[in-house]
Amino acid sequence: MKDKTKKQTDRARIQHIALDDLSAGDDAFVERSTGRITSRLPEGIHNGMVMKDIVQIAWPSFVELMLTQLVSMVDMMMVGALGPWALSAVGLTNQPKFLLMTMFIAMNVGATALVARAKGAGDQEKANRVVRQALMMNFVFGLAASIIGFILARPMVIFMGGQEKQVIDGAVSYLKIQMIGFTFMALTSTITAVLRGVGDSRTAMIYNLIANVSNCALNYVLIYGHFGAPAMGVAGASLATILGQGIAFVIASVVILRGKGYLKLELKKGFRPDFSLIREFMAIGLPSMIEQLIMRAGMVIYAKTVASLGTVAYATHNVCMNIQAFSFMNGQAFAVSATSLVGQSLGKRRPDMAGAYSSRTQKLGMAVSFILVILFIFGGRWLMTLYSDDPEVIRQGTTILRMVALLQPLQSSQFIFAGALRGAGDTRTTAMITFITVLLVRPLTAIFCIKVLNMGLIGAWVAMICDQFLRSLLVGIRYYSGKWTRAYKGPRTA
């Protein structure tokens, strides 16, 4: 009786979706459906079922991402109490850190798509092979990145525009501590990626919630030196972050090793390279890695241009970037649904359901985005006062957040459509769009507005808006073309 109850509980962990009630498409059906995006639903599937599938994946991701970003915001607020120099110090580490994350972020895109396809095709054994390969590769990438980042911390901070000694020293100590926990963060992000691929976003929400609460508590202790701990300032914020990430890694590892859901990591099977799978990873992950490298190169040029405006302007910019990142949570959460459900639909050879899921996901994300429009227009000044009491930081930041409000509906759709493209394995297109917008449009427009038109920090955000508008337009054109449905058609029938 106990074994039967356990099996029922384990099955309950594997979320049932409307797609599971449909038969797999045959070759003729795939040929008829490929290249067409329709919102019509197959017989036996109604709108409520599809919306439920989207929400049951999106809401845990939304809560997880929102809480993660709230912790990042609290980090910045607590650091901001040390002065604008501390905000600038943390800001200088962002682009080097994200640049070093490029390889395992790209592999995680491949892992999510491959696991989703395997689940859609009913191949649980392959899904678990993907888990082992993803963890093996990202352990190597994470370890290499952490060593490089630790050794080159000071040169990278100086390259990013660090000028004042206090700012440089704070940034270097922050970045070096981050590198110590980098490998654990890489592995945790991989486990999160594969869980999302099978639609299990709730588990990641739980362990990241625990980690984030721990991070906030440790911030209070380590930044200011409470409960007998030394007051470590900026370094304390970094240490609190990696300790929180360590907690998330332990819990995520237990989850994937116990294997109560669809995925299970079996250590006894080892971690030998599986070159057939690695080729599949590279087919999806390599364009994504190129996209990430292009994005980071563009962001480095952009950030260096803004840093040239001085400590106060750069502090304001970093606060606004931190708040804007909060607005990403809406689009990113629904993008998780789009990636998982599109991947599973195409794995089951149902392009019709891929279109039905993605179009409805975009509508839900668009509705939520209007709440953020109201928040940034009417609550921008209040948000800025949470970070700093400097009048100039608050004044400029309030204006910028009103500009950010204009982006919200387009930004949400952009994330969701890009998520659908990644679920289909169409990562080459997103890489090309990133090249045009982030590497060319944003930095060149920022340099023109700041250096030629003398628009200061506002000019940097005019460049941001130009980038986002063009990127949203290009991603939307690619999505509505329907060509992404041809990126993967699943295994052919006999």
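Structure's up top.
Values in this document were obtained by computation on a predicted structure and should not be read as measured data.

K.L.:
Please clarify how helix α15 (residues 391-405) should be interpreted in this entry.
P.N.:
Turn by turn, an α-helix covers 3.6 residues, leaving residues three or four places apart pointing in a common direction. With 15 residues, α15 should cover 21 Å at 1.5 Å per step; its first-to-last C-alpha distance of 21 Å lies within 8% of that length. For α15, the set of buried residues is Val393, Ile394, Gln396, Gly397, Thr398, Ile400, Leu401, Met403, Val404 and Ala405. Along its buried surface, α15 packs onto α13 (311-347), α14 (351-387), α16 (408-423) and α18 (456-481). Structurally, the start of α15 carries an N-cap: the backbone nitrogen of glutamate 392 is 2.9 Å from a side-chain oxygen of aspartate 390.

K.L.:
Mind showing me how you'd approach the side chain of asparagine 322 here?
P.N.:
Structurally, asparagine 322 is set in helix α13. When residues no more than four places from it in sequence are discounted, the contact partners of asparagine 322 are Gln69, Ser72, Met73, Met76 and Tyr387.

K.L.:
Looking at this structure, I do not really get unusual backbone geometry. What am I missing?
P.N.:
Peptide bonds are trans in most cases, and residues, glycine excluded, mostly fall at negative phi. One non-glycine residue with positive phi stands out, namely phenylalanine 227, at about 55 degrees. With respect to the element layout, phenylalanine 227 can be found in the loop between α10 (201-224) and α11 (234-258). Note on phenylalanine 227: relative accessible area 75%, which makes it exposed. Within the chain, asparagine 454 stands out as a residue other than glycine whose phi angle is a positive 55 degrees.

K.L.:
Would you explain the environment of isoleucine 256 in this entry?
P.N.:
Note on placement: isoleucine 256 falls in helix α11. When its relative accessible area of 2% is taken as the criterion, isoleucine 256 is described as buried. As a C-alpha pair, isoleucine 256 and aspartate 26 span 230 residues in sequence and 33 Å in three-dimensional space. Ignoring sequence-local partners within four residues, the contact set of isoleucine 256 consists of Val131, Ile191, Leu195, Leu263, Lys264 and Leu265.

K.L.:
For this particular structure, what's the right way to read the packing of helix α6 (residues 124-151) against helix α8 (residues 165-180)?
P.N.:
For any two helices packed against each other, the geometry is given by the interaxial angle and the distance between the axes. The N-to-C vectors of α6 and α8 enclose an angle of 160 degrees; their axes lie 8 Å apart at closest approach. In terms of their interaxial angle, α6 and α8 are classed as roughly antiparallel. Relative to α8, α6 is oriented so that their crossing is left-handed. Contacts between α6 and α8 involve Ala145, Ser146, Gly149 and Phe150 from the former and Lys176, Met179 and Ile180 from the latter. Broken down by class, the residue content of the contact of α6 with α8 amounts to 4 nonpolar, 2 polar and 1 charged.

K.L.:
Can you help me understand the pattern of salt bridges in this one?
P.N.:
Between side chains of opposite charge, a pair can form as their charged atoms come close. Scanning all chains against the criterion turns up 11 salt bridges. With its nearest N and O atoms 3.3 Å apart, the salt bridge here joins arginine 154 to aspartate 169. In this pair, arginine 154 sits in helix α7 (residues 153-159) while aspartate 169 sits in helix α8, placing the two residues 15 residues apart along the sequence. Among the residues examined, arginine 154 registers a relative accessible area of 38% and is labelled partly exposed.

K.L.:
What am I meant to see in the packing of aromatic side chains here?
P.N.:
Each aromatic ring pair is characterised by the separation of its centres together with the angle its planes make. Per the counting criterion, the structure on display carries 7 aromatic pairs. Between phenylalanine 184 and phenylalanine 249, the aromatic rings sit 5.1 Å apart at their centres with planes inclined by 55 degrees, giving tilted as the arrangement. With a gap of 65 residues between them, phenylalanine 184 in helix α9 (residues 182-197) and phenylalanine 249 in helix α11 connect regions that are remote in the sequence. Of the residues examined, phenylalanine 184 reaches a relative accessible area of 40% and is grouped as partly exposed.

Calculation criteria
Residues numbered from 1 in each chain as written. Predicted model: local features only at pLDDT ≥ 70, side-chain atom pairs only at ≥ 80, totals over all residues. Heavy atoms only, no water. Helix = DSSP H or I, 4+ residues; strand = E, 2+ residues; numbered from the N terminus. Expected span 1.5 Å × (residues − 1). Buried < 20%, exposed > 50% of the residue type's maximum accessible area, 1.4 Å probe, protein only. Contact = heavy atoms within 4.5 Å. Polar contact = N/O pair within 3.5 Å; in protein donor to acceptor, adjacent residues only side chain to side chain. Axes fitted to C-alpha atoms, helices over the stretch in contact; angles between N-to-C directions. Parallel < 35°, antiparallel > 145°, perpendicular 65-115°, else oblique. Left-handed = near helix turned anticlockwise from the far one by under 90°. Nonpolar A, V, L, I, M, F, W, Y, C, P; charged D, E, K, R; others polar. Salt bridge = Lys/Arg side-chain N within 4 Å of Asp/Glu carboxyl O. Phe/Tyr/Trp six-rings, centres within 6.5 Å; stacked < 30°, edge-to-face > 60°.

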